[in-house]
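# Examination of the molecular architecture
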Amino acid sequence: MQKYQQQFIQQAIVSEALCFGEYTLKSGRVSPYFFNAGRFSTGSALAALGRCYADAIVASGLEFDLLFGPAYKGIPLAAATACALADYHQRDVPFAYNRKEKKDHGEGGSLVGAALSGRILIIDDVITAGTAIREAIAMIEQAGAEVAGVAIGLDRQERGQGERSAIQELEQDASLAVISIVGLNDIVDYLSTAKTDDALVARINAYRDRYGVEV
């Protein structure tokens, strides 16, 4: 596991963005863990998160020209990642985001920030059904730009309605690269190495055996 992956999991636990217990998901599944990037709600936590995104993106080698953060959680993620790329990787890249509702005064429209052009990397927290990402793809393509890929914090590595995960569907059907800082397998490895709670690891493994996808 890379250092930035360990840092991501540690910060997620400290910020309670990664919680353990029993959580009923929209799918009706009862999950032993839950991830909410909105809990990275302090300056230091968001800065650490941005560094993890930047490190994962640079490690992937993916070429892109601009970051795009879908409203709402993607907005601070794209901004924090842009800052981290400039501060730690000497890459000063523009970023943009969308509004949920179009503005009819001032500059107007639903897009804010840099003009969408070239190869765009979408930044978000997780991909559940993939709806928000597909909407972002449509906006980018409508602007005449190209989607380079998607970067997310956590890949739950579990099936959607079929045998594939939403991430696998995007990768295969839309021919997109999806970068994730960590996957569920990394979380299990981290917890197992830390030896914090064997019963928790067993519950997560049982959930993974039931709903997981091959990666």
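First, a word on scope: everything that follows refers to the structure included in this document. (Residues numbered from 1 in each chain as written. Predicted model: local features only at pLDDT ≥ 70, side-chain atom pairs only at ≥ 80, totals over all residues. Heavy atoms only, no water.)

### Details of the packing of helix H1 (residues 3-14) against helix H6 (residues 184-194)
Rules: Axes, fitted as lines to C-alpha atoms, cover a helix only where it is in contact. Angles between the N-to-C directions of the axes lie from 0 to 180 degrees. Comment: elements are numbered from the N terminus, with helices defined as DSSP H or I runs of at least four residues and strands as E runs of at least two. For this classification, under 35 degrees means roughly parallel, over 145 means roughly antiparallel, 65 to 115 means roughly perpendicular, and everything else is oblique. Here, two residues are considered to be in contact whenever any of their heavy atoms come within 4.5 Å of each other. Amino acids are sorted into nonpolar (Ala, Val, Leu, Ile, Met, Phe, Trp, Tyr, Cys and Pro), charged (Asp, Glu, Lys and Arg) and polar (every other residue, Gly among them).
Interaxial distance between H1 and H6 falls to 11 Å at its minimum, and their mutual angle equals 80 degrees. What the angle tells us is that H1 and H6 run roughly perpendicular. Across the interface between the two elements, Gln-5, Gln-6, Ile-9, Gln-10 and Ile-13 of H1 pack against Asp-186, Ile-187 and Tyr-190 of H6. A breakdown of the residues in the contact of H1 with H6 according to their chemical character gives four nonpolar, three polar and one charged.

### Re the nonpolar core
Counted only if it meets this: We define a nonpolar core as any set of buried Ala, Val, Leu, Ile, Met, Phe, Trp, Tyr and Cys residues linked to one another through side-chain atoms lying within 4.5 Å. Categorising residues by exposure relies on relative accessible area from a 1.4 Å probe, with only protein chains included: less than 20% of the type maximum marks a residue as buried, more than 50% marks it as exposed, and the intermediate range marks it as partly exposed.
Among the nonpolar cores identified, the biggest contains 42 residues, and Phe-8, Phe-40 and Ile-123 are the most heavily contacted of them. It is helix H2 (residues 43-60) that provides the largest number of residues to this core, a total of seven residues. Residues in contact with Ile-123, not counting those within four places in the same chain, are Tyr-53, Ile-57, Leu-67, Phe-68, Gly-69, Pro-70, Gly-74, Leu-77, Ala-78, Thr-81 and Ala-151.

### A word on the environment of Leu-111
Looking at the element boundaries, Leu-111 is found in strand S5 (residues 109-113). Its relative accessible area of 35% is what places Leu-111 among the partly exposed residues. Placed 14 residues apart in sequence, Leu-111 and Tyr-97 show a C-alpha to C-alpha distance of 5.9 Å. Leu-111 has contacts with Phe-68, Tyr-97, Asn-98, Arg-99, Leu-116 and Met-139, leaving out every residue within four places of it along the chain.

Without other data, these values stay purely geometric and don't point to any function.
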